[in-house]
Amino acid sequence: MDQINLNIDTNGFKKLNGNFFELKNDVLKDFESVYRNEKFRNNNYKNTSIISQLEDLKKFQQVKLLYDKINQIFLFNNITNLEFDDIWFVKSIEEIYEPSKLPYVPHIDKIRKLKVMIYLNDVELEDGPLFITKINTIKYEEFRKNLKPDYKAKQENIIKDIDIKNFLPQVGSLGTVIFFDTNAPHFAGKLYNNKSIRKIIRFNFRFKKQSIIKKIYLKIFKK
């Protein structure tokens, strides 16, 4: 596996076209096993199963292998301020699409994360690709911090000052990988018909909270 420079801070995201991790059929089997498992489906999200404990990856070796490869890329890029959050296994289909609600409108996340989305099927424009805009991730940091506890119910994390035309659809073939900072405005695209589907595994990592001393150090010395 070739190592790559992410440059997430200045661009907001990095897309790796093609089957970067050389996915095999076994990863699709793992996906279906997790997706259909009642233990992992017990959450508040439609068409989604979630693994929140790393120890559960012992049963799904292909997913564990992807997790390890992602962490190798983080180390190569000297990204050490992350901690594991969870892994989502999602099948997006037309019937769950709600055009006026999150995540189908431009937004950022209240809890800042670095997410790694992997397409498990070819995703064209009609299949609801991720839309995202290239941006310095600092721009919306204060906006994010000032979101109120009930922000989700009021959809206060919606971004309204960027023209929708400036969001780029991340279409791609099976195995396409997208690394993105959730401070970069993004949204899930429209699914156009009952044949459209977007099948993904998404690895989620939270940014660790920094101590006051470290924040001062970075402010003074980081270029």
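Since we're looking at a predicted model, the values are computed, not measured.

Trainee: Please explain the overall build of the protein as it appears in this structure.
Mentor: Counting its regular elements, the protein contains seven helices and nine strands. For the protein, the C-alpha atoms occupy an extent of roughly 50 × 35 × 30 Å along the three principal directions. Relative to its 223 residues, the protein shows a buried fraction of 48%. Here the analysis covers contacts within the protein between residues at least 6 apart in sequence; of these, 85% occur between residues at least 24 apart. Accessible surface, the protein as shown: approximately 12,700 Å² in total, 49% of it carbon and sulfur. With 40 positive and 28 negative side-chain charges, the protein shows a separation of 5 Å between the mean positions of the two kinds.

Trainee: It is not clear to me how the sheet that holds strand β8 (residues 186-188) should be interpreted in this structure. Could you clarify?
Mentor: The strands that make up a sheet are held in pairs by hydrogen bonds between backbone atoms, and each pair lies either parallel or antiparallel. Overall, antiparallel pairing links the three strands, which are arranged β6-β5-β8 in an open sheet. Looking at which strands have only one partner, the edges of the open sheet turn out to be β6 (168-169) and β8. Examined bridge by bridge, strand β5 (residues 130-132) and β8 share three bridges and lie antiparallel to one another. Its bridge partner lying in β8, L130 is registered against A188.

Trainee: Would you take a moment to explain the nonpolar core for this structure?
Mentor: Soluble globular proteins: nonpolar side chains tend toward being buried together. F21, F74, V116, F179, I201 and F203 are the most contacted members of the largest nonpolar core, which totals 35 residues. Among the secondary structure elements, those contributing two or more residues to this core are α2 (25-35), α4 (61-76), β3 (82-93), β4 (113-119), β7 (177-181) and β9 (197-207). With 21 residues, the next largest nonpolar core counts I135, I159, A184 and F187 among its residues.

Trainee: Where do I start with the packing of aromatic side chains in this structure?
Mentor: Two numbers describe a pair of aromatic rings. These are the distance of the centres and the angle of the planes. On inspection of all chains with the given rule, the structure shows 14 aromatic pairs. A ring pair is formed by F20 and F21, whose centres lie 5.2 Å apart and whose planes are at 70°; its orientation type is edge-to-face. Each member of the pair, F20 together with F21, is buried. Ring centres of F31 and F89 lie 6.0 Å apart, and the angle between their planes is 45°; on these two criteria the pair is classed as tilted. Taken together, the residues F31 in helix α2 and F89 in strand β3 connect sequence positions 58 residues apart. Given a relative accessible area of 0%, F89 falls into the buried group.

Trainee: I'm lost on α4 in this one. Help?
Mentor: Here α4 contains 16 residues, and its C-alpha end-to-end distance of 23 Å stays within 8% of the 22 Å for a straight helix at 1.5 Å per residue. All of the buried residues along α4 are V63, L66, Y67, K69, I70, I73 and F74. What you see down the axis of α4 is that its buried residues fit within an arc of 165°, all on one side. In the core, the buried residues of α4 are packed alongside α2, β3, β4, β7 and β9. Where α4 terminates, the next one or two residues include N78, which has phi positive at roughly 55°.

Trainee: In this structure, what is going on with the environment of K59? I would like to understand it.
Mentor: Secondary-structure assignment places K59 in the loop between β2 (48-51) and α4. Along the primary structure K59 and S33 are separated by 26 residues, whereas in three dimensions their C-alpha atoms are 9.8 Å apart.

Trainee: How do you make sense of the pattern of salt bridges when you look at a structure like this?
Mentor: Close approach of charged atoms allows side chains with opposite charge to pair. Counted according to the given criterion, the structure contains 15 salt bridges. Residue R36 is joined to E32 by a salt bridge in which the shortest nitrogen-to-oxygen separation is 3.4 Å. Of the residues examined, R36 reaches a relative accessible area of 61% and is grouped as exposed. A salt bridge links K39 to D56; the shortest N-O distance between them is 3.1 Å. You can see K39 sitting in helix α3 (residues 38-41) and its partner D56 sitting in the loop between β2 and α4, a full 17 residues away along the chain.

What counts and how
- Residues numbered from 1 in each chain as written.
- Predicted model: local features only at pLDDT ≥ 70, side-chain atom pairs only at ≥ 80, totals over all residues.
- Heavy atoms only, no water.
- Helix = DSSP H or I, 4+ residues; strand = E, 2+ residues; numbered from the N terminus.
- Buried < 20%, exposed > 50% of the residue type's maximum accessible area, 1.4 Å probe, protein only.
- Contact = heavy atoms within 4.5 Å.
- Areas by Shrake-Rupley, 256 points an atom, 1.4 Å probe, with all protein chains shown as cover.
- Lys, Arg positive; Asp, Glu negative; His and termini not counted.
- Charge placed at Lys NZ, Arg CZ, Asp CG, Glu CD.
- Pairing = 2+ DSSP bridges.
- Core = buried A, V, L, I, M, F, W, Y, C linked by side-chain atoms within 4.5 Å.
- Phe/Tyr/Trp six-rings, centres within 6.5 Å; stacked < 30°, edge-to-face > 60°.
- Expected span 1.5 Å × (residues − 1).
- Arc of directions from axis to C-beta.
- Salt bridge = Lys/Arg side-chain N within 4 Å of Asp/Glu carboxyl O.

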